[in-house]
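# Working through the structure, step by step
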Amino acid sequence: MMAQEYVMKQRTEILRAVCSSGSAEHLERVLDVLLAHGELSWEEYQCIQVQGRPLYTNARHLLDIVYTKGLATCEIFVAALQQVLPEGQGAGLCFPGDISKVEERKEAGRTSTETLLSQRPSLVGKLQGCVGGALEALLQLGHFTSGDCDEIRLPIHTPTQQARRLLDHVSSKGESAANVVLQYVDQKQQYGGCNLAEEKLTPPAEFLKYQKKLRSSVSAQSSFLSTYGGTSHMPLEDIYTQGQLELAHDCKVQGDLGLGDIVGTAGTVNEEADTVLVSGDAGSGKSTLLQRMHLLWARGTALSEFLLLFPFSCRKLNFELKELSVQDLLFQHCCWPDREQEEIFRFILDHPHVVIFTFDGLDELKQSFSEEHRLCCPTQPAPVHVLLFNLLQGSLMKGVRKVVTSRPEAIGPILKKHLCKEIFLKGFSPNGIDCFVKKQHHDAEVAAKVLASIQANTALLGLCHSPVLCWIVSQCHKELLGCGDGTPQTITDVYLMILQHFLQHQSSLKTSKVSGWLQEHLTTVLHLGQLAFQGVGASCYIFSGTDLDTCGVTEKDICTGFLIQSKDMSNHQSHQYEFRHVTMQCFFAALYIVLSNNTDRSTVTKLFELHDMRETCFSSTCFTSCLATGQQQTSAETPNLQITATFVSGLLSQRHRRLWSVCSQTPLVDRKVQQVVKCLSKGMQRHFKSIPPPVEGEKKSMHAMPGFVWLIKCIYEMQESKMAKEVLSKLEVDHLKLTYCNIGPVECTALAYVLQHLRNPVGIQLDNNSVGDVGVEQLLPCLHICNSLYLRNNNITDEGIRKLIAKGLQCDRFEKIALFNNKLTDACMQHFSHLLRTKQNFLSLRLGNNNITSEGAKQLARGLQSNHSLKFLGLVKNGVGSAGACALAKMIKSDTSLEELWLTENCITRQGVECLVQALEHNTRVKSVWLRNNNLSVEEVAEMAQRESRLIF
């Protein structure tokens, strides 16, 4: 197979091989070879290496360039790939047999600058770890400034990246600077190399024995899926599906992340901190993610830089009553050394950087994070929560990497200042849903039917982005495939489906689907509901046999499968129980509130106003294992109360009313419905009243908080369009800001359901969420009331844009859109071009930091030729290049509306700027063209700025 044909046919496998590790190192090593052989120009190299752009995007751009350059370039590329990829990572690639190994060029007579380029691959290796010395030499001889050195030493770069940045910088400094670097490398090689790497550790024999025992213990705990309880028969390897990981919004590094990036340097915002936070909603897969990390470490296939890994469950730590030292915590809660405990612990203290701790479920810890009790001595006993807080903030075991999972709401600013970085777990991508369902169903025909059913219902597809809901839907595939038009629309629908699924599996009668199945098992539902309800009120998720007896839970009730033994807490003397998932406990608590005649009249009001429900939940003394801890007690967690309230709203919707008609007193249910409606209306009114008056000359804006989104979700679960219309009739704003509200496809469905009832057009800002393509589709029903839509940093691709524009063309009021930092390519530019040709009232299009090249810019220019309304066009941080700039310049010559054009950081050279200057001579309407950080020399910038004052450099 010819190399060019190979690059095209193996494109997917090449991308996976280069990018699957999450590290850019393999891509950069291939680029080194191509640069060294003159197959890439500097402009092409810079267009590929766009900082902040996803790794996969950069790799795709390289493949495009390599393929268009022809056979010779493809041959060198394939040879470099074969040479660079480690054994195993290129397993899916079948390299052509006629590709010879690529050799480094070392011809005589080259200048020092040319040698830096031709020997780049080996120089990167030689400089790795020696960058500091080379910088010092350049600084002393006056070739570099301290600012140059600081830029290269940026801590976000790995040692090899620092070496590459050094070579790039030196190339622009001239021949003498290049000569200094070559001489420095030669001297280092002559006198034994750059021996700055840390001395290789040689652990004592007992340590290695303990490591082996710990690996065995962690492997045994992690080999079977434990997240949803009762699934201990299911190997994690067979079911695990990677969720979407994103760095927190205040990190500059963006893109697809892997497990290695959690403990890697990507996205680090605090070099002094050791703690990484992985946050995500209930059911987003946090525990399973940690379990996967544990298993890979135990098998030696990941996290190889860590010799020991200690996993902890915060739910389990709640039950530790005695004071412990760090040594006790490690050895008693994880794995006990057979001998030489002191020697092993001393090794850990002396080498903290080779140790990692993981803490699952910080939000389930009964104490809020505090800095009150400082502890520095690892042998000093203290309450477990004090140890934990001091570990996270770095007072104890400084240098040990700590990875913590939690729901976002539980993390306050006090803890955040001690974080190395924060990573969001966003649940499944559309491909993740597909993969997960196929792993659940080995019968390919069943899997195909389930996926078809999910994809046919966009509301259900949105719900399945949550791993726990995707699991429920997969479990209940027979009910799903048999219910025709009644497919689930809301989260409550999905949980009712699994309730029916589990109960009917226990039933000996063929009861009516409408209500008979629930009536038959009503006693069981109330027993489990009371246990769940009182547990939510006490922030209790693990129950003793006494707790079950108090609520009347019998062995028959346990056999329904909703309640399972807690493997972490049970022993041969006593069993502890927990619900399959915390959301399942919230659902049963909601069932109890709706069905029971014994709850306090104030229960619903307290629930929706998020008051402490401790008095409401307890009519008798129970849950001693949860409450009598001798530690500070906390009120019920707000997130779980919100989940419970959301389920109550859904259960009391009109569509489910007949289900309760034979199980509870109708007047009682009606009263609860009225209470919920009143609470939701009052809650929304409180948000509306908090809107500040607009600043003179500006639009009235409402900055919504997460609590507002929760109320919206409750209204959607209740499916009360009349209430939504009445509530929204009182909202009068010009701009609705919902940034950083953790909005995914589920929330988009609810927002569209409610916001479509707004009376006046509004700008909707959803920047920095997880909307994605499915979320975009869910928003379409409310697009007619949008005059502007801001969707920056939301993982939206060309497919989402296709659907958005198709709907936008039908909406007269739709005038502005912002899509900075998504995953757009030239493929969607035809849709924007059509939008501009068709909508003559469209005002602003912002497409910065995507993957738009000169071809995309040409498409936009064609659309702009027929447009007479657009005032602002932004293409910052793309790859428009000079060809794209020239295409846009042609449009500018005759354009009658455009006022601002942003082309900052687009690899534009003098040629492109010349075209823009000439175009501006014919257009006085354009106010400014932004061209900062393009490929222009200082002299060219000065010249162009003098010729045309509207160019902003």
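Below is a short write-up of the structure. Model, not experiment: these values are computed from the prediction.

Before going further, it helps to examine the overall build of the protein chain. Scanning the protein chain from terminus to terminus reveals 48 helices and 18 strands. Each of the 953 residues in the protein chain was classed as buried or not, and the buried ones make up 58%. For the protein chain, the accessible surface area stands at approximately 39,600 Å², while carbon and sulfur atoms represent 49% of it.

Across a sheet, strands are paired by hydrogen bonds formed along the backbone, either parallel or antiparallel in direction. With mixed pairing, the six strands of this open sheet are ordered in space as β1-β6-β2-β5-β4-β3. Only two strands of the sheet have a single neighbouring strand rather than two, namely β1 (245–247) and β3 (308–313). Pairs of neighbouring strands in the sheet enclose a mean axial angle of 20°, with direction left out of account. Across the face of the sheet, helix α20 (residues 384–393) comes into contact with β2 (275–279), β4 (355–360) and β5 (401–406) while running at roughly 125° to β4.

Considering the arrangement of structural elements, one finds Trp 336 in the loop between α18 (326–333) and α19 (341–350). Residue class for Trp 336 comes out partly exposed when judged on its relative accessible area of 43%. Separated by 123 residues in sequence, Trp 336 and Lys 213 have C-alpha atoms that sit 8.8 Å apart. Other than its neighbours up to four places away in sequence, Trp 336 contacts Tyr 210, Lys 213, Phe 331 and Gln 341.

It is worth spelling out the pattern of salt bridges at this point. One pass over the full model with this rule turns up 41 salt bridges. In this structure, the salt-bridge partner of Asp 434 is Lys 438, at a minimum N-O distance of 3.0 Å. With Asp 434 and Lys 438 both in helix α22 (residues 430–440), this residue pair falls four residues apart, about one helical turn. We classify Asp 434 as partly exposed; its relative accessible area is 23%. The shortest N-O distance in the salt bridge between Arg 950 and Glu 948 comes to 3.0 Å. In this structure, Arg 950 and Glu 948 share a single accessibility class: buried. Shared partners join several salt bridges into a network, and the residues in it are Glu 28, Asp 32, Arg 120, Arg 164 and Asp 168.

Turning our eyes to something else, we now look at the sheet that holds strand β10 (residues 735–737). Across the sheet, ten strands lie side by side as β9-β10-β11-β12-β13-β14-β15-β16-β17-β18; this open sheet has parallel pairing. Since the sheet does not close on itself, it has two edges, and those belong to β9 (701–703) and β18 (951–952), each with one partner. Bridge count for strand β17 (residues 928–930) against β18 is two bridges, and the pairing is parallel. Residue pairing for β18: Trp 930 is matched across the bridge by Ile 952.

With respect to burial, helix α42 (residues 772–779) is a largely interior element, seven of its eight residues being buried. Those residues of α42 not exposed but buried are Gly 772, Asp 773, Val 774, Gly 775, Val 776, Gln 778 and Leu 779.

Next up on the list: the pairing of strand β11 (residues 762–765). Burial along β11 is two-sided: the face carrying Val 762 and Ile 764 and the face carrying Gly 763 and Gln 765 are both buried. Pairing geometry for β10 and β11, over three bridges, is parallel. Considered in β11, the bridge of His 735 is made with Gly 763. Handedness of the β10-helix α41 (residues 745–755)-β11 crossover: right-handed. In terms of strand pairing, β11 meets strand β12 (residues 786–790) through four bridges, oriented parallel. Directly across from Val 762, in β12, lies its bridge partner Cys 786. Read as a crossover between parallel neighbours, the route from β11 over α42 to β12 is right-handed.

At a closest axis distance of 6 Å, the pairing of helix α5 (residues 55–69) and helix α6 (residues 71–84) adopts a crossing angle of 135°. As judged from the angle between their axes, α5 and α6 are oblique. Across from Leu 62, Leu 63, Val 66, Tyr 67 and Lys 69 in α5, the residues of α6 making contact are Leu 71, Thr 73, Cys 74 and Phe 77. Per-class residue counts for the contact of α5 with α6 are seven nonpolar, one polar and one charged.

What counts as what
Residues numbered from 1 in each chain as written. Predicted model: local features only at pLDDT ≥ 70, side-chain atom pairs only at ≥ 80, totals over all residues. Heavy atoms only, no water. Helix = DSSP H or I, 4+ residues; strand = E, 2+ residues; numbered from the N terminus. Buried < 20%, exposed > 50% of the residue type's maximum accessible area, 1.4 Å probe, protein only. Areas by Shrake-Rupley, 256 points an atom, 1.4 Å probe, with all protein chains shown as cover. Pairing = 2+ DSSP bridges. Axes fitted to C-alpha atoms, helices over the stretch in contact; angles between N-to-C directions. Contact = heavy atoms within 4.5 Å. Salt bridge = Lys/Arg side-chain N within 4 Å of Asp/Glu carboxyl O. Right-handed = clockwise from strand over helix to strand, strands pointing away. Parallel < 35°, antiparallel > 145°, perpendicular 65-115°, else oblique. Nonpolar A, V, L, I, M, F, W, Y, C, P; charged D, E, K, R; others polar.

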